[in-house]
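Chain residues, written in single-letter form:
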Amino acid sequence: MNSTPQDALADRLQADRPHSARVWNYLLGGKDNYIADQQVGDVIIQMFPDIARIAREQRRFLSRAVRFLAGEAGVRQFLDIGTGLPTVDNTHEVAQRVASSSRIVYVDNDPLVLVHARALLTSSPEGVCDYLDADVRDTDGILEKAAATLDFTQPIALTMLGIMGQLPDSENPASIVNRLLDALPSGSYLALSDGTDTNAAQNEAIRVYNESSASSYHVRSPERIAGFFDGLDLVEPGVVMTSRWRPEDSDGALAESTAVCGVGRKS
């Protein structure tokens, strides 16, 4: 029997197995997830209750970083890889509130993310939003397709939140970051955050998640994550916990976190 496009979509969705973007959506209080995602999310919360707060802190870091990039840094182009499911203050919303002409390309390879992104992430009239169905490993394909929307002779902000943890060391994730940055002109930026291996309870929760998930997550030391910024000029305060990167009064009290983040500029 010939398979249909609906069959192919169902195969990719794998609704019977948890996926990172959908589990993250559940941890953020979203509705775009399945029972399998909710079940593993509940196990993670039981084992490591702080995970939901850490998820929210990562989103707040994204908002602060994009405001800095579109405002103080004057960047008008964003390449957001590992977009995740739409939630509040998505990259284009934050950037276009600062500069309505901002151009954003979202990249993800989860079909549910792309369906929702195309439906919900609509640009301002002056700006542009585009969406690419691509794996972060396909750097050449991402860069080629993104060039239809972004001008690679002008600075671009590359945002990669939680995506490096999706790659094992055997795939040399630092080389993927470097290949993307090599294609960007001087004055471009990298905004990156990821989970660290500094908490035993979190590490065990992730081990349990990896046993049942369609994908695996790999935590690393803060020093290893800081290494993704090698060769860039770090924006103050450097690579720090997500709650401590330029916090604002609306963020509330600073809390310890197992995730770190940073923003670096390409000279």
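See the structure above.
Here the structure is a predicted model, which is why all the values come from computation and not from measurement.

Engineer: Whenever I open this one, the overall build of the protein chain confuses me. Can you help?
Structural biologist: Of the regular secondary structure elements, the protein chain holds 10 helices and 8 strands. Structurally, the protein chain occupies a C-alpha span of about 50 × 45 × 35 Å along its principal axes. Taking all 267 residues of the protein chain together, the buried fraction comes to 52%. Long-range pairs, those at least 24 residues apart, make up 71% of the contacts in the protein chain with a sequence separation of at least 6. Carbon and sulfur atoms make up 50% of the accessible area of the protein chain, which totals about 11,900 Å².

Engineer: For this particular structure, what's the right way to read the packing of aromatic side chains?
Structural biologist: Between two aromatic rings, the relevant description is the distance of the centres plus the angle of the planes. Considering all chains together, one arrives at 4 aromatic pairs under this definition. Relative to Trp 245, the ring of Phe 61 has its centre 5.6 Å away and its plane inclined at 85 degrees; by these criteria the two rings are edge-to-face. Note that Phe 61 is positioned in helix α4 (residues 51–70) and Trp 245 in the loop between β7 (240–241) and β8 (259–265), a separation of 184 residues in sequence. Each member of the pair Phe 61 and Trp 245 is classed as buried. Residue classification places Trp 245 among the buried positions, given a relative accessible area of 0%.

Engineer: Even after reading the chapter, I still don't get the pattern of salt bridges, so can you show me in this structure?
Structural biologist: It is possible for side chains of opposite charge to pair when their charged atoms get near one another. Overall, the coordinates contain 11 salt bridges when judged by the stated rule. A salt bridge links Asp 135 to Arg 137, with the nearest nitrogen and oxygen atoms 2.8 Å apart. By relative accessible area, which is 36% here, Arg 137 ends up partly exposed. The partner of Glu 211 in a salt bridge is Arg 207, and the shortest N-O contact between them spans 2.5 Å. Here Glu 211 pairs with Arg 207, and both are found in helix α9 (residues 200–212), just 4 residues apart, close to one helical turn. Overall, the relative accessible area of 40% leaves Arg 207 in the partly exposed class. A single salt-bridge network, built from bridges that share partners, covers Asp 50, Arg 53 and Glu 57.

Engineer: Looking at this structure, how should I read empty space enclosed by the protein?
Structural biologist: Any space left empty among the atoms is revealed by the rolling of a water-sized probe across them. Enumeration over the complete set of coordinates arrives at 1 cavity of 30 Å³ or more. A volume near 30 Å³ is recorded for the largest cavity. Arg 59, Leu 62, Asp 80, Thr 83, Asn 90, Thr 91 and Tyr 106 are the residues that line the largest cavity. Its residues assigned to classes, the lining of the largest cavity comprises 2 nonpolar, 3 polar and 2 charged.

Engineer: What exactly am I supposed to notice about the environment of Asp 32 here?
Structural biologist: Positionally, Asp 32 belongs in the loop between α2 (20–27) and α3 (35–47). Here Asp 32 falls in the partly exposed class, since its relative accessible area comes to 21%. Spatially, the C-alpha atom of Asp 32 lies 16 Å from that of Asn 109, the residues being 77 residues apart in sequence.

Engineer: Looking at this structure, I do not really get the nonpolar core. What am I missing?
Structural biologist: A general feature of soluble globular proteins is that nonpolar side chains tend to end up buried together. Leu 79, Leu 158, Met 160, Met 164, Leu 190 and Leu 192 are the most contacted members of the largest nonpolar core, which totals 30 residues. Elements with a contribution of two residues or more to this core: β1 (77–81), β2 (103–108), α7 (139–146), β4 (157–161), α8 (173–182) and β5 (189–195). Residue contributions to this core peak at 4 residues, all from α8. With residues near it in sequence (within four places) discarded, Leu 190 still touches Leu 158, Met 160, Val 177, Leu 181, Phe 228, Phe 229, Leu 232, Gly 262, Val 263 and Gly 264. Counting 27 residues, the second-largest nonpolar core is a separate cluster that includes Ile 104, Leu 121, Cys 129 and Tyr 131.

Engineer: What is the right way to read the pairing of β1 from this model?
Structural biologist: For a regular strand, the rule is simple: side chains alternate between the two faces of the sheet. Within β1, 5 of the 5 residues are buried, which leaves it mostly tucked inside the rest of the structure. Because side chains alternate across β1, one face comprises the buried residues Gln 77, Leu 79 and Ile 81, and the other comprises Phe 78 and Asp 80, equally buried. Bridge count between β1 and β2: 5 bridges; the pairing is parallel. Within β2, the residue paired with Gln 77 across the bridge is Arg 103. Relative to β4, β1 runs parallel, the two being bridged by 3 bridges. Paired with Leu 79 across the bridge in β4 is Leu 158.

Engineer: Explain the environment of Ala 147 here, please?
Structural biologist: Structurally, Ala 147 is set in the loop between α7 and β4. Placed 120 residues apart in sequence, Ala 147 and Ser 267 show a C-alpha to C-alpha distance of 21 Å.

Engineer: Can you help me understand unusual backbone geometry in this one?
Structural biologist: Negative phi characterises most residues that are not glycine, and trans characterises most peptide bonds. Across the junction of Glu 236 and Pro 237, the peptide omega takes the value 10 degrees, indicating a cis bond. Even without being glycine, Arg 246 reaches a positive phi, approximately 45 degrees. For Arg 246, the position within the fold is in the loop between β7 and β8.

Reading the values: rules and limits
Residues numbered from 1 in each chain as written. Predicted model: local features only at pLDDT ≥ 70, side-chain atom pairs only at ≥ 80, totals over all residues. Heavy atoms only, no water. Helix = DSSP H or I, 4+ residues; strand = E, 2+ residues; numbered from the N terminus. Buried < 20%, exposed > 50% of the residue type's maximum accessible area, 1.4 Å probe, protein only. Contact = heavy atoms within 4.5 Å. Areas by Shrake-Rupley, 256 points an atom, 1.4 Å probe, with all protein chains shown as cover. Phe/Tyr/Trp six-rings, centres within 6.5 Å; stacked < 30°, edge-to-face > 60°. Salt bridge = Lys/Arg side-chain N within 4 Å of Asp/Glu carboxyl O. 1 Å grid on protein atoms, 1.4 Å probe; cavity = no way out; pocket = protein on both sides within 12 Å on 5 of 7 lines; lining within 4 Å. Points joined across faces, edges and corners; volume = space filled by probe spheres on them. Nonpolar A, V, L, I, M, F, W, Y, C, P; charged D, E, K, R; others polar. Core = buried A, V, L, I, M, F, W, Y, C linked by side-chain atoms within 4.5 Å. Pairing = 2+ DSSP bridges.

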